[in-house]
Every structure is written in C-alpha cells, then in structure tokens.
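# Topology and contacts: notes
Now for the letters of each chain:
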Amino acid sequence: MMKQAMEPTTQKKYFAVHSAVVFALMLSHTIHLYIWAFSIWALGALPGYEEPIYFALVTYTTVGYGDTTLGPAFRIFGAMASVNGILAFGMTTAFLVGLFPRVLGLPTEKDDPKP
C-alpha cells in the first residue's frame, strides 16, 4: 500500500523512468526481430525483405499464422526463433514485474519479515 499520494513531479519522474524502460525493452525486441529477419534473408530461406521481417515477427511473438513458412531445410531455424522469442518476452516480463514495485516504492518480499 502506498503511504501517501505522490507529488506531481514524482509522478512525472516515475512516468519518465517507466517510459524509458519500456522503450528500451521494445527496442531490444525490435533488434532481436531484425537479427532473425536478416539471418533468414541471408540464408536464402525467404526472398525479399518484407517476407523475412513478417515471418520473424510472427514467429518471434509465437503467433505463427502459417501463411509464410520456411522450407524443410530451415524449419529448425524457425523453431529456434520462436523459442528465443518466448524466452525474451518471459525475461522482459520478469524484469518489469521486479522493477515496478521498486520504482514505486511498494513493499517487496525482502521487506516482509518472515516469522
């Protein structure tokens, strides 16, 4: 529970910190995505530039529409991109869950003494 209402300047500071962290994490995911897309393109698994980016996005986020697929020689590569996406989003979620209580000054398990 929050002890008292935050001052407007403190709220702005928290908003700026949260925004910067979320932006950095989104940028990190975007870089991962483009690395996978570039790799798919460089291996010749998919033609052009739009199709590898689309496939990498759909696979990295584990949506998996199935409208664009890799050939038999590259299927394992697509599965690796999917696993990488699951792990990256899981680590991002864990980081944010651990960060927000600290930034907001909320009590954590460390603050709660065990009997």
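In short, a report on the structure.

## Details of helix H2 (residues 50-60)
Taken as a whole, H2 has its buried residues at Pro52, Phe55, Ala56, Val58, Thr59 and Tyr60. On its buried side, H2 packs onto helix H1 (8-42) and helix H3 (75-104). Looking one or two places after H2, you find Thr62, whose phi comes out positive at around 60°.

## Focus: the nonpolar core
Grouped together as the largest cluster of nonpolar side chains are 13 residues, with contacts concentrated most on Trp36, Ile40, Leu46, Phe55, Ala56, Tyr60 and Leu70. For this core, the secondary structure elements donating two or more residues are H1, H2 and H3. The element best represented in this core is H1, accounting for four residues. Other than its neighbours up to four places away in sequence, Ile40 contacts Ala45, Leu46, Pro52, Phe55, Ala56, Leu70 and Phe77. By size, the runner-up hydrophobic cluster in this structure holds six residues, among which are Tyr14, Leu25, Leu96 and Leu99.

## Focus on the side chain of His18
Residue placement: His18 occurs in helix H1. The buried category is assigned to His18, whose relative accessible area is 17%. Not counting the four nearest positions on each side in its chain, His18 is found in contact with Phe100, Val103 and Leu104.

## Points about the side chain of Thr59
Topologically, Thr59 is positioned in helix H2. At 2.8 Å, the side chain of Thr59 forms a polar contact with the backbone oxygen of Phe55.

Conventions used here
- Residues numbered from 1 in each chain as written.
- Predicted model: local features only at pLDDT ≥ 70, side-chain atom pairs only at ≥ 80, totals over all residues.
- Heavy atoms only, no water.
- Buried < 20%, exposed > 50% of the residue type's maximum accessible area, 1.4 Å probe, protein only.
- Helix = DSSP H or I, 4+ residues; strand = E, 2+ residues; numbered from the N terminus.
- Contact = heavy atoms within 4.5 Å.
- Core = buried A, V, L, I, M, F, W, Y, C linked by side-chain atoms within 4.5 Å.
- Polar contact = N/O pair within 3.5 Å; in protein donor to acceptor, adjacent residues only side chain to side chain.

This is a description of form; function is not addressed.
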